[in-house]
Amino acid sequence: QVQLVESGGGLVQAGGSLKLSCAASGLTFSTYSMGWFRQAPGKEREFVVGISWNDGSTYYSDSVTGRFTISRDNAKNTVFLQMNSLEPEDTAVYYCAASRYSSNYFVGRQYGYHYWGQGTQVTVSS
């Protein structure tokens, strides 16, 4: 049974930092690209950032480039999202996802992912 479990969400002040973690089990982690998506109330789920499984290439949405950093530790079956300079607009439920693909086309799109976590709430106060 594949499981993706996010942690690290919470309440943070604008301008602050937060680090999310996603622990994966039930799959060969090193052969899956990993991504983070988010969904704010009343809005559609959107791509945030992804990292490929084959060469570690990273893909960032324009809204988070320069502020967020994705990384992975294959030995720990964990992917991280370091979020700096947080803004109230970053408030959302953040979802971890796993993809069998490696190209930007699929890693940057919702339908390119095969497994999803339950999400963790990130709230940024002004």
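Residues numbered from 1 in each chain as written. Predicted model: local features only at pLDDT ≥ 70, side-chain atom pairs only at ≥ 80, totals over all residues. Heavy atoms only, no water.

**Student:** How would you sum up the pairing of strand β9 (residues 92-99)? Please name residues and give values.
**Tutor:** Most of β9 is tucked away: 7 of the 8 residues are buried. For strand β4 (residues 33-39) and β9, the ladder comprises 7 bridges, and the chain directions are antiparallel. The residue bridging Gln39 from the neighbouring strand is Val93, located in β9. Note: β9 against strand β11 (residues 120-125), 3 bridges, orientation antiparallel. Following the sheet pairing, Ala92 is matched in β11 by Val122. (Buried < 20%, exposed > 50% of the residue type's maximum accessible area, 1.4 Å probe, protein only. Helix = DSSP H or I, 4+ residues; strand = E, 2+ residues; numbered from the N terminus. Pairing = 2+ DSSP bridges.)

**Student:** Just give me the short version of the state of the cysteines, but keep the residues and values in it.
**Tutor:** This structure, assessed with the given rule, holds 1 disulfide. With its sulfur 2.0 Å from that of its partner, Cys22 forms a disulfide with Cys96. Residues Cys22 and Cys96 share a disulfide whose torsion about the S-S bond is about -80°; that sign makes it left-handed. Pair noted here: Cys22 is in strand β3 (residues 18-25) and Cys96 is in strand β9, with a separation of 74 residues, a long-range link. (Disulfide = S-S within 2.5 Å.)

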